[in-house]
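Here are the chains, one letter per residue:
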Amino acid sequence: MSKKIGVLMDPIESIKVEKDTSLAMMLAAQRRGWEIYYFQRQDLYMRDGVPAASMQAARLYDDENHWVDLDDKQDLPLQHLDCILMRLDPPFDMDYVFATYFLQRAADDGVLVLNNPAALRDINEKIFTAWFPACCPPTLITSAAERFREFHREHGDIIVKPLDGMGGASIFRLKADDPNVSVVLETMTNFGERQIMAQRYIPEITEGDKRILVVDGVPVSHALARIPAAGETRGNLAAGGRGVAVPLSKRDREIAETIGPVLVQKGVLFAGVDVIGDWVTEINVTSPTCARELDEQCGLDIGAQFMDAIARRL
């Protein structure tokens, strides 16, 4: 029997076909003969406790010039769907949180929602690393400038970043003799009002910030090493990094196999674990990417792996 898969995402007309993981997922579902329904955040509504959306049936193509045909919108309850993929990109703001409440209501009525709406609210990609301290570099989260200065004196070379950033935005490297330590900390903490994160600088960043995709608790065979551009300390593709597929190391597997079962327990079936050298820096559960690049470079079909996980639950 054909399954009905809803995909809540940003405007599909604006995606980059060669890089869009959501498209890879939809193509994989379509190859199984499943029906695809597309809708955006503003299409959600609720009447008398029944969550619904103005949805469009979609037909997808792996074509950079023409990748989607959409039918006219139709108002349907979310219960019309067997599964909903939450693929909205950050920022993780209150509008994002409100969308998870609609999805939570659908999940409570028996719709499979991935990733789990409660987990999306609970798992901050920076702070969630605290649940796996043995996998992480020395890390400090605080709003107190003096604690950062002490951490800086101890380690000499640190990375400072906001807890709600994405794509490498507002990430600073502070070396031992950096004259801008005070102004960076004042600005990022809003003079001690905002919590931020510091981690010891990991020199292996020159070899890439590895994105390990974890599907249903199991790591994909290769990671995408996002190698910083010349003069950069950030490997993020959005910051100019270059993505190169690399096989997982023994340490990569240990990390993924430690984190994977916890993610599954929380209802997270598709996640991106970011590793520099031997250390986890972030755990992304909102809208992880890099599947298309790994598929292309390694002959994989990560979307199909994800659909297998969904099929097992449906």
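Quantities reported herein were computed from a predicted structural model and do not represent experimental measurements.

Student: I keep staring at the overall build of the protein chain and nothing clicks. Help me out?
Tutor: In terms of regular secondary structure, the protein chain is built from eight helices and 18 strands. By its C-alpha atoms, the protein chain is 60 × 45 × 35 Å across when sized along the principal axes. In the protein chain, which comprises 314 residues, the proportion classed as buried is 52%. Looking at the protein chain alone, contacts between residues at least 24 apart form 67% of all its contacts between residues at least 6 apart. Where the 34 positive side-chain charges of the protein chain centre and where its 47 negative ones centre are 3 Å apart.

Student: Explanation requested: the nonpolar core in the structure shown.
Tutor: Soluble globular proteins: nonpolar side chains tend toward being buried together. Ranked by size, the top nonpolar core spans 42 residues in total, and within it F39, L78, I84, V273, V280 and I283 carry the most contacts. The biggest single contributor to this core is helix 2 (residues 94-108), with five residues. Not counting residues up to four positions away in its chain, the partners in contact with V280 are T129, C135, C136, P137, Q199, I255, I259, V273, D274 and V275. Counting 38 residues, the second-largest nonpolar core is a separate cluster that includes L23, M26, A245 and C290.

Student: Got a minute to help me understand the pattern of salt bridges in this structure?
Tutor: Once their charged atoms are close, side chains differing in charge can pair, the charge on each being opposite to the other. This structure, assessed with the given rule, holds 19 salt bridges. The partner of R31 in a salt bridge is D301, with the nearest N and O atoms 3.0 Å apart. One end of the pair, R31, is in helix 1 (residues 21-31); the other, D301, is in the loop between helix 7 (291-298) and helix 8 (302-313), and 270 residues separate them in sequence. Overall, the relative accessible area of 32% leaves D301 in the partly exposed class. Across the pair R211 and D274 runs a salt bridge, and its minimum N-O distance is 2.5 Å. Taken together, the positions of R211 in strand 13 (residues 209-215) and D274 in strand 17 (residues 270-276) put the pair 63 residues apart, joining distant regions of the chain. Like D274, R211 is buried. Salt bridges sharing common partners tie together E125, K126, K161 and E282.

Student: Would you explain the pairing of strand 17 in this entry?
Tutor: Here is the key point about a regular strand: its side chains alternate between the two faces of the sheet. Of all seven residues making up strand 17, seven are buried, and the element is well covered by its neighbours. Burial along strand 17 is two-sided: F270, G272, D274 and I276 facing one way and A271, V273 and V275 facing the other are all buried. In terms of strand pairing, strand 13 meets strand 17 through seven bridges, oriented antiparallel. When the bridges of strand 17 are listed, V214 appears paired with A271. Between strand 17 and strand 18 (residues 279-284), which pair antiparallel and follow one another directly, the connecting turn spans two residues, one of which, G277, has a positive phi of 60°.

Student: Would you mind going over a negative patch on the surface with me for this structure?
Tutor: Among the surface-exposed residues, E204, E207, E254, E257 and D278 lie close enough to one another that they form a single negatively charged patch. For E257, the location among the structural elements is in helix 6 (residues 250-265).

Student: Where do I start with the environment of N190 in this structure?
Tutor: Here N190 is to be found in the loop between helix 5 (181-189) and strand 12 (196-200). As a C-alpha pair, N190 and G208 span 18 residues in sequence and 31 Å in three-dimensional space.

Student: Would you explain the packing of helix 4 (residues 145-155) against helix 5 in this entry?
Tutor: For any two helices packed against each other, one specifies the crossing angle of their axes together with the interaxial distance. At a minimum axis distance of 10 Å, the contact between helix 4 and helix 5 shows a crossing angle of 135°. When the axes of helix 4 and helix 5 are compared, the pair comes out oblique. Helix 4 and helix 5 meet at a crossing whose hand is right-handed. In this structure, helix 4 uses A145, F148, R149 and H152 to contact helix 5, whose residues at the interface are V181, S182, L185 and T189. Grouping the constituent residues of the contact of helix 4 with helix 5 by class yields four nonpolar, three polar and one charged.

Student: I keep staring at the packing of helix 1 against helix 8 and nothing clicks. Help me out?
Tutor: Running from amino to carboxyl end, helix 1 crosses helix 8 at an angle of 60°, the nearest separation of the two axes being 8 Å. Between helix 1 and helix 8 lies a crossing whose hand is right-handed. From helix 1, A24, M25, A28 and A29 reach across to helix 8, where they touch G303, A304, F306 and M307. Here the contact of helix 1 with helix 8 is composed, by residue class, of seven nonpolar, one polar and no charged.

Student: Explain the packing of aromatic side chains to me, please; I cannot follow it from the model alone.
Tutor: Here a ring pair, both rings aromatic, is described through the centre-centre distance and the interplanar angle of the planes. Counted according to the given criterion, the structure contains four aromatic pairs. Between F92 and Y96 the ring centres are 4.9 Å apart and the planes differ by 45°, which places this aromatic pair in the tilted class. Looking at Y96, the relative accessible area reads 0%, which means it is buried. Geometrically, the ring pair formed by F270 and F306 is tilted, given 5.2 Å between the ring centres and 50° between the ring planes. You can see F270 sitting in strand 17 and its partner F306 sitting in helix 8, a full 36 residues away along the chain. Taken together, F128, W131 and F132 form an aromatic cluster joined through their ring pairs. Of note, R32 hangs over the ring of W34, and the distance from its end group to the ring centre comes to 5.4 Å. In this arrangement the basic side chain of R251 is found over the ring face of W279, its NZ or CZ atom lying 5.2 Å from the centre.

Reading the values: rules and limits
Residues numbered from 1 in each chain as written. Predicted model: local features only at pLDDT ≥ 70, side-chain atom pairs only at ≥ 80, totals over all residues. Heavy atoms only, no water. Helix = DSSP H or I, 4+ residues; strand = E, 2+ residues; numbered from the N terminus. Buried < 20%, exposed > 50% of the residue type's maximum accessible area, 1.4 Å probe, protein only. Contact = heavy atoms within 4.5 Å. Lys, Arg positive; Asp, Glu negative; His and termini not counted. Charge placed at Lys NZ, Arg CZ, Asp CG, Glu CD. Core = buried A, V, L, I, M, F, W, Y, C linked by side-chain atoms within 4.5 Å. Salt bridge = Lys/Arg side-chain N within 4 Å of Asp/Glu carboxyl O. Pairing = 2+ DSSP bridges. Patch = residues over 30% accessible without salt bridge, like charges linked within 9 Å, V, L, I, M, F, W, Y side chains within 5 Å. Areas by Shrake-Rupley, 256 points an atom, 1.4 Å probe, with all protein chains shown as cover. Axes fitted to C-alpha atoms, helices over the stretch in contact; angles between N-to-C directions. Parallel < 35°, antiparallel > 145°, perpendicular 65-115°, else oblique. Left-handed = near helix turned anticlockwise from the far one by under 90°. Nonpolar A, V, L, I, M, F, W, Y, C, P; charged D, E, K, R; others polar. Phe/Tyr/Trp six-rings, centres within 6.5 Å; stacked < 30°, edge-to-face > 60°. Lys NZ or Arg CZ within 6 Å of the ring centre and 35° of its normal.

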